[in-house]
Amino acid sequence: MEKKVYLDNAATTFVSGEVLNEMMPCFNAIYGNPNSLHSFGRDAAAIVDRARDRVQKAIGAKSATEIYFTSGGTEADNWAIKGIAKAYANKGKHIIVSQIEHHAILSSCEELEKEGFEVSYVKVDKYGIVSIADIIDKIRPDTTLISVMAVNNEVGTIQNLLAIAKTAHEHGIIFHTDAVQAIGALKINVQDMEIDAMSMSAHKIYGPKGCGALYVRNGVRIQNFMDGGSQERGKRGGTLNVPSIAGFGKAIEIATRDFAINQKKIKSIREYFLSKVTERIPYIRVNGHPYQKVQGILNISFEMIEGESILMLLDLDGIAVSTGSACTSNSLEPSHVLRAMGIEDEVAQGSIRFSFGKNTSKSDIDYVVDKLEVAVAKLRAISPITKAGRK
Ligand SMILES: *Cc1c(COP(=O)(O)O)cnc(C)c1O
């Protein structure tokens, strides 16, 4: 059989065996509706309660009632941005986010702008670190919310969350963070880090797709996400997805339990990969912060060629990676993240995101580096873009 290597763990991960075992009984043995009053319902409710406690514990929330289960990170981001901005609209209609947020945040902001809210987009430096000076510059008397992601999904840069939270709070502003890429990769404690609201997703941490959560600190106002039954304290109606919630609870518990061992493993794999690539492939640039970054994400620009072409050649060899330059529907628009970091469009277009997982092995890396070296050489040989003496 042809070898297959998955280096796209920032897009999604496999569901781990332990998580799957936690989910399985919820499909048939324990199938009650957690809102029902009989024993079938109570059994399902107990599963949801346990999962909620596990999420609370993993993020250091004060109370499990501060955790709202959602259909994933996108829903949590939409809910946080729109729900908090609207809940405080009587105080002001201005919010601040960074230029490098996930599209779940940026598109939510665009919707708010259509409804008369104003949004300021803060700058980042060449490493993708959000400028606190620029945040302070953009704060106004009618600013109600600041949202900055904990870890960027394209380059892996870690933000100075506590400093941003403190800045927000000095001005009486709510602080939300998209922590989808941070869970399992970074130690998060919402109380110590002064986070008021935080988005999470199960499928980036070896849990099921279509499940996540929004943490909302007690006392922070947020509009209802969906009207319906009394689920999630009346804020998000709809029968709960018990199997996925059980899986998410288990996944986040494991992420905390195995944190040190996974970090160590993934760090050594990433370093091994980068040393091999640096040794064998010329004219590359590593994007993102040299050390204030998560272990699992490595974004590299291969000069003079396009990321999409590399991706397609690697795909023929059974290797899965992602382009940093997610091309929008009609154009080869370079990534908004790399652009915000001031990386020239030609370089951004040649970028690839390699994201490593807890099962990535050294032999996987050896295979990928061999194929990558050939792919890059092949593409450069036919590239119309050349630099004197660089071909
Ligand atoms: C994946 C991701 C999301 C979206 O989460 P889903 O559960 O896939 O909807 C949001 N933000 C970041 C930073 C992500 O990486």
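Residues numbered from 1 in each chain as written. Predicted model: local features only at pLDDT ≥ 70, side-chain atom pairs only at ≥ 80, totals over all residues. Heavy atoms only, no water.

A.B. asks: With reference to specific residues and values, describe the site of the ligand.
C.D. replies: In the neighbourhood of the ligand, 13 residues make up the surrounding shell, with Thr74, Asp178, Gln181, Ser201 and Lys204 lying closest. Between the ligand and the protein, one listed contact pairs an oxygen atom with a side-chain N or O atom of His203 at 2.7 Å. Relative to its unbound accessible area of 380 Å², the ligand is 88% covered by the protein chains. In terms of residues, the shell around the ligand owes the most to one element, helix H3 (residues 73–87), which gives three residues. Classifying every residue of the shell around the ligand gives two nonpolar, eight polar and three charged. (Near = heavy atom within 4 Å. Polar contact = N/O pair within 3.5 Å; in protein donor to acceptor, adjacent residues only side chain to side chain. Areas by Shrake-Rupley, 256 points an atom, 1.4 Å probe, with all protein chains shown as cover. Helix = DSSP H or I, 4+ residues; strand = E, 2+ residues; numbered from the N terminus. Nonpolar A, V, L, I, M, F, W, Y, C, P; charged D, E, K, R; others polar.)

A.B. asks: If you had to explain the domain arrangement of the protein chain to someone new, which residues and values would you point to?
C.D. replies: Along its sequence, the protein chain is organised into domain 1 (5–13 + 259–387) and domain 2 (17–257). Using only C-alpha atoms to locate each centre, domain 1 and domain 2 end up separated by 28 Å. Facing the 26 residues of domain 1 at the interface are 36 residues of domain 2. With both sides pooled, the region where domain 1 packs onto domain 2 buries about 2,600 Å², and carbon together with sulfur makes up 54% of that total. (Domains from an automatic or database assignment. Contact = heavy atoms within 4.5 Å. Buried area = accessible area lost by both parts, 1.4 Å probe.)

A.B. asks: Lay out the pattern of salt bridges in plain terms, naming residues and giving numbers.
C.D. replies: If charged atoms from side chains of opposite charge come close, those side chains can pair. Tallying each qualifying case throughout the model produces 24 salt bridges. The residue Glu194 makes a salt bridge to Lys166 at a minimum N-O spacing of 2.8 Å. You can see Glu194 sitting in the loop between strand E6 (174–178) and strand E7 (197–201) and its partner Lys166 sitting in helix H6 (residues 161–170), a full 28 residues away along the chain. We note a salt bridge from Lys267 to Glu271, for which the minimum N-O separation is 3.2 Å. Pair noted here: Lys267 and Glu271 are both in helix H8 (residues 259–280), with a separation of four residues, about one helical turn. Since its relative accessible area comes to 39%, Glu271 is described here as partly exposed. Taken together, the shared-partner salt bridges connect Glu22, Arg50, Arg54, Lys250 and Glu253 into one network. (Salt bridge = Lys/Arg side-chain N within 4 Å of Asp/Glu carboxyl O. Buried < 20%, exposed > 50% of the residue type's maximum accessible area, 1.4 Å probe, protein only.)

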